[in-house]
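Understanding the architecture of this molecule
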4 protein chains.
Amino acid sequence: MEILGGPLYAVAGAGESHGPAVTTMVMGCPPGIYLRRAAIQNFLDRRRPGGNRHGTPRNEKDKVVLLSGLYQDDHDKLLSGSSLQTTVGADAFQTECFEEGYTTGEPISAIVLSTSKKSGDYTQFAGPTGEVRPGHTDLVKYHKSNGFVDIRGGGRSSYRATISDVIGGSIARIILREMFGTVILTSITQVGTLRASQTLTQHFQDLVTETGNLQIDPKRIESIESQLADAEIQSIDSAFAANAAELIKETRKDGDSLGAAVEVVALNVPPLLGEPLYQSLKLRLMGSLGGLHAVQGCEIGDGFQVVQRRGSENNDPVRSTSYASNHHGGLLGGVTTGMPLVCRVGFKPTSTINQPQQSVRKNLSEIDFRLEKGRHDPCVGVRAGVTLESRVAIELLNAAMMHQSQRLGPDLSKLF
Amino acid sequence: MEILGGPLYAVAGAGESHGPAVTTMVMGCPPGIYLRRAAIQNFLDRRRPGGNRHGTPRNEKDKVVLLSGLYQDDHDKLLSGSSLQTTVGADAFQTECFEEGYTTGEPISAIVLSTSKKSGDYTQFAGPTGEVRPGHTDLVKYHKSNGFVDIRGGGRSSYRATISDVIGGSIARIILREMFGTVILTSITQVGTLRASQTLTQHFQDLVTETGNLQIDPKRIESIESQLADAEIQSIDSAFAANAAELIKETRKDGDSLGAAVEVVALNVPPLLGEPLYQSLKLRLMGSLGGLHAVQGCEIGDGFQVVQRRGSENNDPVRSTSYASNHHGGLLGGVTTGMPLVCRVGFKPTSTINQPQQSVRKNLSEIDFRLEKGRHDPCVGVRAGVTLESRVAIELLNAAMMHQSQRLGPDLSKLF
Amino acid sequence: MEILGGPLYAVAGAGESHGPAVTTMVMGCPPGIYLRRAAIQNFLDRRRPGGNRHGTPRNEKDKVVLLSGLYQDDHDKLLSGSSLQTTVGADAFQTECFEEGYTTGEPISAIVLSTSKKSGDYTQFAGPTGEVRPGHTDLVKYHKSNGFVDIRGGGRSSYRATISDVIGGSIARIILREMFGTVILTSITQVGTLRASQTLTQHFQDLVTETGNLQIDPKRIESIESQLADAEIQSIDSAFAANAAELIKETRKDGDSLGAAVEVVALNVPPLLGEPLYQSLKLRLMGSLGGLHAVQGCEIGDGFQVVQRRGSENNDPVRSTSYASNHHGGLLGGVTTGMPLVCRVGFKPTSTINQPQQSVRKNLSEIDFRLEKGRHDPCVGVRAGVTLESRVAIELLNAAMMHQSQRLGPDLSKLF
Amino acid sequence: MEILGGPLYAVAGAGESHGPAVTTMVMGCPPGIYLRRAAIQNFLDRRRPGGNRHGTPRNEKDKVVLLSGLYQDDHDKLLSGSSLQTTVGADAFQTECFEEGYTTGEPISAIVLSTSKKSGDYTQFAGPTGEVRPGHTDLVKYHKSNGFVDIRGGGRSSYRATISDVIGGSIARIILREMFGTVILTSITQVGTLRASQTLTQHFQDLVTETGNLQIDPKRIESIESQLADAEIQSIDSAFAANAAELIKETRKDGDSLGAAVEVVALNVPPLLGEPLYQSLKLRLMGSLGGLHAVQGCEIGDGFQVVQRRGSENNDPVRSTSYASNHHGGLLGGVTTGMPLVCRVGFKPTSTINQPQQSVRKNLSEIDFRLEKGRHDPCVGVRAGVTLESRVAIELLNAAMMHQSQRLGPDLSKLF
């Protein structure tokens, strides 16, 4: 089942890259949270191609509409702002969508139309003699489905499917920030061979050390958020960002692409969240982040660097107000410690390039392949940040609800 | 999570009775099945109020559009017939929806707009002094959600939510019929104190006995399907149907409502499906049918009648070509035997009535309650048939896929 | 997956009727509950054959040992009382098992050995010419597994598998009773054609009406518990119990068997528990109770009786301190109302009888079947009560934890 | 729920490090597979401390007994070899366990007793003034459970819990090898700062290139298996293995510990397995491997190395008989390509060390901590291989069954 997170807070997604729309269902949201469509849209705007200067030149203008799960007695506020219309044969139907309201605890459904796709010529890819793009899922998905595959793109394997991640993640992070002050940020740390010299991980660790306070001041977080939003590419290291942006531009001209590494840091994370082993938060985060499109590696805390250490160097001393260091990255035994949650993922260079490559047709006859046309992200890492943040938010909110479920007591409920 | 069936074939639903739309995701459909939007619409038409003569006078004209999971290279066939438009502020977007195509194995999403709702006056129900309709979920859902509830209807507890059941069930039954000749029918057997004297259960048991053939001839099934479609209310007993229709009409005039019983029969069911115990097909069907809105009882095979029997009367003798009788109703130990699958459910009379009743406000102060306005089904059983059939189809297809998964062998897959 | 309940409180079971042992895992139990092995054993003792006077003459003396999930610093209390020993070839190992302690939140595992089985002659059932017992799963399970089936009994389809239900249910009911005063009782209401004239449902409804108090006094409950424990068969109607016991005895002599109906009533149930629709508590209970071995029908509240009513008769008036009647059986829209939770199930007569029957061999050649030997319960309903109570407890505790998970707030957790 | 894999092939585990036993349930195994207890024991022997020369000096002699899910008509073969005995108060019970037989499709349960634990003095860790071991879960688990925690070890967070992984993985890999020739191997590639210069990844890639055959000859695999079994520590690079073994020995003397990196390679993997996105095999493997105790990083294929590449370097050319290189590591879009499946994980140095450290009591008062006694693995990576292999096997078998479930067709099942 196409479900992220769960069993308590979960996101289901449907919709392939070139289909009519991406549909999202957000299940398990607690009642009584005030949500605005515009707030979700803000996060989506960070995801879409064209959402920053160095992604793909498409501008899909993905606009989300909300179809269920909200309410408030003021129907003008609830319903003004967006609408949906369907036409079936000669019949046309219209409805107002939810603009803002309180969650009711019932599933929230959302759709984003796919309107920018051109009805172009897909004969290069059609049928058993259709060509296979190296690095893509074309060949395996064609044979997996006995040929019943949408040849116009990667289906659910397309990055477009992550619209659902971001919608579900937006709602989760709004709740986490409101209840716990939890904020999730990403910063690009490497593009090709260029490496950032400043990281969020280090920045906030220094802040904790300096203030002696594990709880990060919201103003300090907002200041970093602004800086990230204004950067040439989303990185806390502005010199690196400028260089990387230039490299991406050059690489696009070459018809080639670049890998990237991104760090994800969650601040003010509630401690004690996470199951012990088979569904531990570490397992869930490694899967959710490491399983994202184009990701080839995932780390928690100091990651592969710990391999070369001794235990005496790597164990984080414990003090009465916090751990004295954070090699563990905010998770011990898969349970949150309250220290910043630190993850890092490595993306492969975008598979779509404008250069000749060796490939096959779907019937496995060999060809010299060249993409006839098409636009692409030369560096998928540039806009992956909001998706990574979303996936962390979904897992954290689910873990928070799992923890809450165990705090069962006699005051559970009252009616009469 | 709002999910029916699964883990292989599953249906997720979102959307309350008075929200913008009902959204459905159908997950796990095998690739390569040819689906037409119109075929799904046909089943939906049987569900909607106004879909027959004795339901509620509303005519919601629920039209489904399909947003993902289909494909064919002929884009004209794939995309002509329905479209979707969203407007967000000043921006408008449009897309063609899927009209017919092959399933790709990826989730199929569908939406049905809710357009007939009047923006009426809901002050009778708003806030802590809002009135509680007896027999409805108003009181419990208000307190369960701390007051954050859509007061305009029952939310997901409204019968409107079963649109998702029918969409998911339609696809399942199309597959089951095409692959195995499996057909699922329902017939109303009781309305208030009126009881039908003919049943599908008996009709098809007689046919098996008469022909000595467990596999029912499709023509014989189609003939019954026509008869059911043409009946005054959906029952194989036309005299009963006429009387019951009259009774419903009279009861509506009285401002009162009626209970009903419905039998569900699946023919040409593949044998050997179902898990042993905790997820047995019997458990799944009892839950899925017995859990439907307004249902208070559910039976498999001869149901509660078996209580008064001796084992020597109740055990079905086994012969070389079939069981000699079908007291077991097509399931032994939760596994299908290939005999007709027979279930029966009892619906309570519709809770909404136009008569004075004792009730409370949501703050529990007592009132004399009278519904100020509103339309209703006097007998919910009249249009429940297609939903029951759908739920059986979802569970059967999931069980078939579970069985198939165990037939693992060396010929599993091939690429190079 | 062989899992009852969940996703929060769940019970997994393994072990067939004639295998070495029944293994149980109880997952999701909140930490800090004090559990005694002996308390679980008490419930198990009610389940086992020979546990009362009218079940099967076997006395399996099923003793449970607990292998994980408990702790207390006093190791003598924790570990004294039971032990486990394994022998593998020449090596023998021994360990003390948990006798009593606090739950840690980690899974609780338990095993019950199957020691009374005789190594007897099973050639009547072996291989493709093995005989099929009518009413049993022999035929379908043989073909479902391509012949790889334990011919010595029904595998997981045997009633012995419900040991896991009872272990998981025991822990759930201990928690429910301690936290909420919730108690779950069963009473046999029908055996063959004999019907009880007193029911728990009526008894406790009268008590609520008489005292005007929805919360039932624990002393009143304990008094009924004693009465049920002392009855000839477990029924609140002692005259009926005596007659039914006599009928069972006579029927056993005839080599025949009897059906039974059992009511299940939960008192002092926390209100507001349950999901809205696809995983509603009504759906879950109908499945869990209706899916039990030999059950052919399941009802909630007034069950099939509501079919013949008008809405004006069936709607339960709401008053400021409770519902004025309980036709709904404690669930509206699948959510608990705080009224007694009332269910009813109908069991078929035990399939195993000592009379000649028509049957087949597993290869479908026809035979005259007669069970060569074996003992049996003439009326499975006589000892099903504790299993039904257990399944209700598992679902109620899971629903309580689901409800608790939604009460997320800023005070979730604290470490430093 | 403590469940690995699923929903089709899944492993549930219970039992903490110092409890009476580790219990395992393997659910979803197809019927008809011949299993021997001794074959599972062989894999377990590789896991246990003392199972090789450089792990912890304990020798737990973990012996598994099988309690359900097997059968064969020859009861001597089925039941000879192992037995189980329980004692409860004055009563003793005994049963023979399953030694070898065919799987029936019902859950397989297994237990391994924990017999080597000393009843020692745990006062250093008991209660609110109990001391916290740096790098361990002591602090978070104590507060997560409100103090109801087994202080004698890490509970389920202890490496001992992976006995269940290995039992479930053993059965999975036996099936995978028999049906598809799939073999899963691990080799240690780094210990502290020492790095291996030979890897399984390179070895088998060279073999594919040399033979032009994607299917690896079983003899070539067996030869590597022998080499790995005989190595000083489990690595294909024997010079490295010798040096690393020496380093481990020295580090143990220092009372310190070492990190390690391990590669996991699956050969002859069926192609086309895996879901598209939210439950993709990449996501599942990243989670399952990356979520294991002490793991801080996980990679698929070339992992973080791809970050610095261009697309033109990283895309694997496709040829008619295989991919020409394997930077993708056998998974594209989360679907298997049939190329060797290549993963890599990084383990932190064992947290338990014999050196003074800064820590706290559970009540957060600061202390100078020194472990009073205890034995430990100085390098947990040395014996993690079999667990990693097991987790891959569980996910692969589940994915194979998921793929098989989609191949539904008219020949599904037959009874009469």
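Note that residues are indexed from 1 along each chain, following the sequence as it is written. Whichever chain is written first is A, and whichever ligand is written first is 1; the rest continue in order. Only residues with pLDDT of at least 70 get local features here, since the model is predicted, and only at 80 or more are side-chain atom pairs given and counted; chain-wide, interface and lining totals rely on the full set of residues. The side-chain figures draw on all heavy atoms in the structure; neither hydrogens nor water molecules are used.

**Quick notes on the overall build of chain A**
A tally of regular secondary structure across chain A gives ten helices and 19 strands. Radius of gyration here uses only the C-alpha atoms, and the compact-globule reference equals 2.2 Å multiplied by the residue count raised to the power 0.38. In terms of overall dimensions, chain A is globule-like: its C-alpha atoms have a radius of gyration of 23 Å, near the 22 Å expected for 416 residues. Expressed as lengths along the three principal axes of its C-alpha atoms, the size of chain A is roughly 65 × 60 × 40 Å. Buried residues in chain A amount to 70% of all 416 residues. Put simply, of all contacts in chain A between residues at least 6 apart along the chain, 74% involve residues at least 24 apart. Each accessible area is a Shrake-Rupley result for a 1.4 Å probe, and residues are judged covered by the shown protein chains and nothing else. Surface summary for chain A: the accessible area is close to 12500 Å², and the carbon and sulfur share equals 47%. Segments assigned H or I by DSSP are reported as helices when at least four residues long, segments assigned E as strands when at least two residues long, and all are numbered from the N terminus. Only protein chains enter the accessibility calculation, which uses a 1.4 Å probe; a residue is then buried when its area is under 20% of its type maximum, exposed when over 50%, and partly exposed in between. It only takes one pair of heavy atoms within 4.5 Å for two residues to be counted as in contact.

**Observations concerning the packing of helix α8 (residues 281-290) of chain A against helix α10 (residues 385-405) of chain A**
Residue and element names in this part refer to chain A. Only C-alpha atoms enter the line fits that serve as axes; for helices the fit covers just the stretch in contact. Angles between N-to-C directions range over 0 to 180 degrees. Contact geometry for α8 and α10: axes closest at 10 Å, N-to-C directions at 155°. When the interaxial angle is binned, α8 and α10 end up roughly antiparallel. Relative to α10, the crossing made by α8 is right-handed. Where α8 approaches α10, its residues Leu281, Arg284, Leu285, Ser288 and Leu289 are matched on the opposing element by Leu388, Arg391, Val392, Glu395, Leu396, Asn398 and Ala399. Each residue gets one of three labels, nonpolar for Ala, Val, Leu, Ile, Met, Phe, Trp, Tyr, Cys and Pro, charged for Asp, Glu, Lys and Arg, and polar for the others, Gly among them. For the contact of α8 with α10, the per-class residue count stands at seven nonpolar, two polar and three charged. Orientation is classified from the angle alone, with under 35 degrees giving roughly parallel, over 145 giving roughly antiparallel, 65 to 115 giving roughly perpendicular, and any other angle giving oblique. Note on convention: near helix rotated counterclockwise from far helix by under a right angle means a left-handed crossing. Clockwise means right-handed.

**Some points on empty space enclosed by the protein**
To find leftover empty space, a probe the size of one water molecule is rolled over the atoms. All names here are of chain A. Of the two site types, the cavity is a set of points on a 1 Å grid over the protein atoms alone where a 1.4 Å probe fits but cannot get out, and the pocket is an open set with protein on both sides within 12 Å along at least five of seven lines, each lined by residues with an atom within 4 Å of a point. Grid points are joined across faces, edges and corners, and a volume is the space filled by probe spheres set on the points. Following the criterion strictly, the structure yields 16 cavities of 30 Å³ or more and no others. Considering only enclosed or pocket space, the second largest cavity measures out at about 110 Å³ in volume. Lining the second largest cavity are 14 residues; nearest its centre among them are Asp138, Val149, Asp150, Ile151 and Gly153. Counted by class, the lining of the second largest cavity contains four nonpolar, four polar and six charged residues.

**So, the sheet that holds strand β9 (residues 100-103) of chain D**
All names here are of chain D. The antiparallel open sheet is built from three strands, whose spatial order is β4-β9-β6. If you trace the sheet from one side to the other, it starts and ends with β4 (34-36) and β6 (70-71), each paired once. Strands are treated as partners if at least two bridges between them are detected by DSSP. Pairing of β6 with β9 involves two bridges; the strand directions are antiparallel. Along β9, the bridge assignment pairs Tyr71 with Tyr102.

**Overview of the sheet that holds strand β2 (residues 10-14) of chain D**
Backbone-to-backbone hydrogen bonds join strands into a sheet, with any given pair of strands oriented parallel or antiparallel. Residues and elements named next belong to chain D. Within the open sheet, the five strands sit side by side as β1-β2-β3-β10-β5. Their pairing is antiparallel. The open sheet has two edge strands, β1 (3-5) and β5 (64-66), and neither has a second partner. Across the sheet, the mean angle separating the axes of adjacent strands is 20° when strand polarity is ignored. Bridge count between β5 and strand β10 (residues 108-113): three bridges; the pairing is antiparallel. Looking at β10, one finds that Val65 is bridged to Ile111.

**Brief notes about the packing of aromatic side chains**
Stacked, tilted and edge-to-face are the three classes assigned to paired rings of Phe, Tyr and Trp, where Trp is represented by its six-membered ring and a pair needs centres within 6.5 Å; plane angles under 30 degrees give stacked, over 60 edge-to-face, the rest tilted. Enumeration over the complete set of coordinates arrives at 14 aromatic pairs over all chains. Ring centres 4.9 Å apart and planes at 40° place the aromatic pair Phe148 of chain C and Tyr102 of chain D in the tilted group. Taken together, the residues span two chains, with Phe148 of chain C in the loop between α3 (138-144) and α4 (163-180) and Tyr102 of chain D in strand β9. The exposure class of Tyr102 of chain D is partly exposed, given its relative accessible area of 30%. In textbook terms, an aromatic cluster arises when at least three aromatic residues are bridged by ring pairs, as seen for Tyr34 and Tyr102 of chain A together with Phe148 of chain B.

**Overview of the nonpolar core**
With 374 residues, the main nonpolar core has Val191 of chain A, Val191 of chain B, Val191 of chain C together with Val191 of chain D as its most contacted residues. For this analysis, a nonpolar core means a set of buried residues of the types Ala, Val, Leu, Ile, Met, Phe, Trp, Tyr and Cys, connected via side-chain atoms within 4.5 Å. Core analysis: the second largest hydrophobic core is formed by 27 residues, Val183, Leu185, Ile221 and Val342 of chain D among them.

**Points about the interface of chain C and chain A**
With 40 residues of chain C at the contact, the number on the chain A side is 41 residues. Both faces combined, the contact of chain C with chain A buries some 3200 Å², and carbon together with sulfur accounts for 68% of it. Buried area adds together the accessible area that both of two parts lose upon being put together, with accessible area traced by a 1.4 Å probe. Ranking the residues of chain C by area buried against chain A places Leu408, Leu412 and Phe416 of chain C at the top, with a combined share of 23%. When a carboxyl oxygen of Asp or Glu is within 4 Å of a side-chain nitrogen of Lys or Arg, the pair counts as a salt bridge. In this assembly, chain C and chain A are joined by two salt bridges. When residues of the side of chain C that touches chain A are traced back to their parent elements, those giving at least two are α4 and α10 (385-405) of chain C. Looking at the side of chain C that touches chain A element by element, the count peaks at seven residues for α10 of chain C. Its residues assigned to classes, the side of chain C that touches chain A shows 24 nonpolar, eleven polar and five charged.

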